[in-house]
Amino acid sequence: MSSKKILILSGDGIGPEITIEALKVLKLIEKKSGNKFELIEGLMGGIAIDKTGDPLPDSTIKQLKEVDAVLLSAIGGPKWENLPQAQKPERGLLRLRKELDAFANLRPAKVFSCLADSSTLKREVIEGVDLLVVRELTSGIYFGTPRGFDSQAKEKTCFNTALYTESEVRRIIKCACEQAMIRSKRLCSVDKANVLEVSQFWRDIAISVATNDFPEIELSHLYVDNAAMQLIRNPKQFDVLVSSNLFGDILSDEASMLTGSIGLLPSASLGDGSKPGLYEPVHGSAPDIAGQNKANPIAMILSLAMMLEISFQMKSEAKLIEKSIEQVLEQGYRTGDIAKPGEKILTTTEMGDVICKTLE
Ligand code: NAD
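The rules behind the values
Position labels on residues start from 1 in each chain and follow its written sequence. Note on the predicted model: pLDDT of at least 70 is required for a residue's local features to be given, and 80 or more for side-chain atom pairs to be given and counted; whole-chain, interface and lining totals, by contrast, use all residues. Here the side-chain values reflect all heavy atoms present in the structure, with hydrogen atoms and water set aside. Only DSSP runs of H or I with at least four residues qualify as helices, and only runs of E with at least two residues qualify as strands; both kinds are numbered from the N terminus onward. Note on definitions: a residue-residue contact is assigned when non-hydrogen atoms from the two residues lie within 4.5 Å. Working definition: with a 1.4 Å probe on protein chains only, accessible area under 20% of the residue-type maximum means buried, over 50% means exposed, and in between means partly exposed. To count toward a patch, a residue needs a relative accessible area over 30% and no salt bridge; like charges are then connected within 9 Å, while nonpolar side chains (Val, Leu, Ile, Met, Phe, Trp, Tyr) are connected within 5 Å. Residue exposure ignores everything except the shown protein chains as possible cover, and the areas themselves are Shrake-Rupley values with a 1.4 Å probe. A pair is scored as a salt bridge if a Lys or Arg side-chain nitrogen falls within 4 Å of a carboxyl oxygen belonging to Asp or Glu. Think of it this way: DSSP has to see at least two bridges between two strands before they count as a pair. Lines fitted to C-alpha atoms define the axes, with helix axes restricted to the stretch in contact, and inter-axis angles between N-to-C directions lie between 0 and 180 degrees.

K.L.:
Which parts of the structure should I look at to understand the side chain of Thr-161?
P.N.:
Among the structural elements, Thr-161 can be located in the loop between strand 7 (158–159) and helix 6 (166–181). If we skip the residues at most four places from it in the chain, Thr-161 touches Gly-140, Ile-141, Gly-144, Thr-145 and Pro-146.

Here is the structure:
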């Protein structure tokens, strides 16, 4: 039995609605397992701008130091869209990841068999897909310097720098290897080593880490163009994929679309373990359905399951949540985003309730 402290950032749009459902599930897990969860509520995103003028106020940064994990729903919306870049809710999210040194973004893409027809790909291609994209999150071309415009050049010129240090690559490859070890021990590293020095550097380090520290892992390599193609052609060949910030951004979005709805996809952003992990759905604040009790809470509840498994080592509790969700979907319960025409549509609250009932 253990006691854990969680910072809850319920954010904007559908955020508060799906947070309520995740917390109902957490309460049940607490009751069933005997573990204790202490919840602290914090401000983040548009709501934080409204209340404090800052999307990630100091009070929230202070709270980060007191907790074991952070559960964030979604932030942003039209109300804050026209603010200057530096004041937008999304800037708060980048700062939050930096505060937590969250260099590894884990995005599982699992196709529920009963929803295989919701995907744009054929059932036989995607049925059984269960893969994990590990994306480097705090370095690479998105952060590399120098960057910007070259005012000395003969014509208008702009540039960015794809920069990685050895320790940055080592830690993300190690993280991907650790994930592969608890899955099928297969890891595919994606790069563009035929063209980019930084990719050859990445590949050499991947080989060194896997060979020396994880000899049981079967490591393969793909060029990113081929990986993008293979993800659509035969996604079942993959288990864990690891890639740089830019390539991982694109591949993780591509992989997520295999499953049919963005409302089903959780994620984790992790550092070296010395700071709390951040867990959040892949989707945004869905302003078009906010406040209408229409959102699918499953991505949020699965993010909670990831938190239990990764940050708290509560594997059986996490599996219980996943199994309940699978069962609920197999029984035909649907929110609007995953319903076929004519199917009964549940509200956010009703979906949370049937998941809790199944869990119980
Ligand atoms: P979005 O993910 O919010 O919505 C895209 C579409 O998916 C919408 O039609 C929406 O209704 C639907 N959708 C999303 N989540 C759903 C759910 N749980 N259940 C049912 N349907 C769902 O993306 P967007 O519309 O591009 O962005 C809206 C706002 O969210 C913007 O301000 C954007 O910056 C922000 N955003 C935040 C995050 C985050 O908090 N991590 C991520 C992406 C976008």
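K.L.:
Would you explain unusual backbone geometry in this entry?
P.N.:
Leaving glycine aside, a negative phi is the common case for residues, and trans is the common case for peptide bonds. The residue after Thr-145, namely Pro-146, is reached through a cis peptide bond having omega 0 degrees. Inspection of the secondary structure puts Pro-146 in the loop between strand 5 (130–136) and strand 6 (148–149). Phi at Asp-101 takes a positive value of approximately 50 degrees, unusual for a residue other than glycine. Positionally, Asp-101 belongs in the loop between helix 4 (89–99) and strand 4 (104–110). Residue classification places Asp-101 among the partly exposed residues on the basis of a relative accessible area of 41%.

K.L.:
Before we go on, may I ask you to explain a nonpolar patch on the surface in this structure?
P.N.:
A cluster of nonpolar side chains, Tyr-142, Phe-143, Leu-246 and Ile-250, forms an exposed patch at the surface whose accessible area comes to about 330 Å². By secondary structure assignment, the location of Tyr-142 is in the loop between strand 5 and strand 6.

K.L.:
Please clarify how the sheet that holds strand 1 (residues 3–9) should be interpreted in this entry.
P.N.:
Pairing between sheet strands relies on hydrogen bonds along the backbone, with the strands arranged either parallel or antiparallel. The mixed open sheet is built from ten strands, whose spatial order is 2-1-3-12-11-4-5-10-8-9. Each edge of the open sheet is held by one strand with a lone partner, namely strand 2 (36–41) and strand 9 (218–223). The average angle at which neighbouring strand axes cross in this sheet is 25 degrees, direction not considered. Where strand 11 (residues 266–270) lies against strand 12 (residues 277–281), four bridges are found, and the strand directions are antiparallel. For Ala-268, the partnering residue across the bridge sits in strand 12 and is Tyr-279.

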